[in-house]
Amino acid sequence: MPYSNYSTLTYSVESNTAKIILDRPPANLIDREMSLEYHDALKKADADQKIRVIVLAGNGNGLSGGLDLNYIEKFNSEEMREFLQLFYVETMKITRGLSKPIIAAVHGYAREGACTLAFACDMIIASDNADFGYPGIPNLAAPPGMHVWILQKLIGRMKAAELILTGKILKATEAEKMGLITKVVPANRLMLETEKIAQKIAQMSPLAIKKARHLMYEMEDMPFHDIPEKAVEALSSAFNTEDSREARKAFIEKREPVWKGK
């Protein structure tokens with residue numbers, strides 16, 4: 001059932017999946033209110049033990065057109081800094097700190113701040129009519145913030161420079177070839193395909209998913225000489241968990257495992 005105490009998004013739970021749908025027509029533009037409500041919805045989903053996966057999507061013609069320029073038009077540097085502390089810093093902190101995977105289902109347009117929300121997720125499933133853009137330089141005469149790091153990390157400096165410095169719009173099919181998104185699907189199957197992946201993840205051990213997700217982000221910026229020892233510790237320590245023992249036993253007994261999440 002939808003949770004109605006939000007004015008810029010809708011929140012619902014079905015089949016172990018929480019759906020957070022940006023719903024601020026016509027373009028789902030991002031401001032302080034939406035940022036706070038999105039943070040609250042993420043925390044709500046993470047605290048609900050019934051939920052295994054979170055899905056982010058947008059209503060209308062796209063995920064979001066990005067930051068609401070009418071909202072920030074008269075900001076000075078300090079006001080913009082305060083807003084970005086909320087939107088960039090807190091959003092990344094909360095999203096990376098989730099104990100459950102989050103998948104972005106992107107249709108239509110995703111611009112600037114919408115890309116921040118999407119690329120903060122663990123996976124992006126995009127419709128074949130989706131496109132992505134970083135118009136910070138043409139629209140704000142400013143660098144596109146988090147995307148200077150995100151894009152270089154995912155696709156390298158040369159292609160990142162093209163997107164950042166020109167504001168080029170990137171179609172989903174091209175983004176998939178670059179490894180920037182997970183998968184492109186037909187527009188009329190976007191939520192169906194996203195839900196299929198969400199349900200596949202939901203069948204896994206919630207403890208194993210939580211630990212693997214944490215390890216991915218922890219290893220992301222570690223120097224390589226620390227990686228082997230971290231990998232040994234992560235895998236070997238899992239063997240003491242009930243879920244790991246159950247997984248091995250179920251495999252040998254050729255049956256479905258019963259997870260306890262511990």
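What counts and how
Residues numbered from 1 in each chain as written. Predicted model: local features only at pLDDT ≥ 70, side-chain atom pairs only at ≥ 80, totals over all residues. Heavy atoms only, no water. Helix = DSSP H or I, 4+ residues; strand = E, 2+ residues; numbered from the N terminus. Rg over C-alpha atoms; globule rule 2.2 N^0.38 Å. Buried < 20%, exposed > 50% of the residue type's maximum accessible area, 1.4 Å probe, protein only. Polar contact = N/O pair within 3.5 Å; in protein donor to acceptor, adjacent residues only side chain to side chain. Pairing = 2+ DSSP bridges. Core = buried A, V, L, I, M, F, W, Y, C linked by side-chain atoms within 4.5 Å.

Draft legend 1. Highlighting the overall build of the protein chain. When its secondary structure is counted, the protein chain shows 12 helices and 10 strands. A globule of 262 residues ought to have a C-alpha radius of gyration of about 18 Å, and the protein chain, at 19 Å, matches this closely. By its C-alpha atoms, the protein chain is 60 × 45 × 35 Å across when sized along the principal axes. Every one of the 262 residues in the protein chain was classed for burial, and the buried ones make up 44%.

Draft legend 2. Fine view of the environment of His225. Structurally, His225 is set in the loop between helix 10 (206-220) and helix 11 (227-238). Separated by 81 residues in sequence, His225 and Pro144 place their C-alpha atoms 32 Å apart. For His225, the side chain forms a polar contact with the side chain of Asp226, separated by 2.9 Å.

Draft legend 3. Spatial organisation of the sheet that holds strand 8 (residues 131-133). Spatial ordering of the open sheet is given by 4-6-8-9, a layout of 4 strands whose pairing is mixed. Only two strands of the sheet have a single neighbouring strand rather than two, namely strand 4 (62-64) and strand 9 (170-171). Pairing analysis gives 3 bridges linking strand 6 (residues 109-111) to strand 8, with the strands arranged parallel. By the bridge assignment, Tyr109 is partnered in strand 8 with Asp131.

Draft legend 4. Fine view of the nonpolar core. The biggest cluster of nonpolar side chains holds 51 residues, and the ones touching the most others in it are Val106, Phe119, Phe132 and Ile181. One finds Val53, Val55, Leu190 and Ile201 within the second-largest nonpolar core, a separate group that totals 13 residues.

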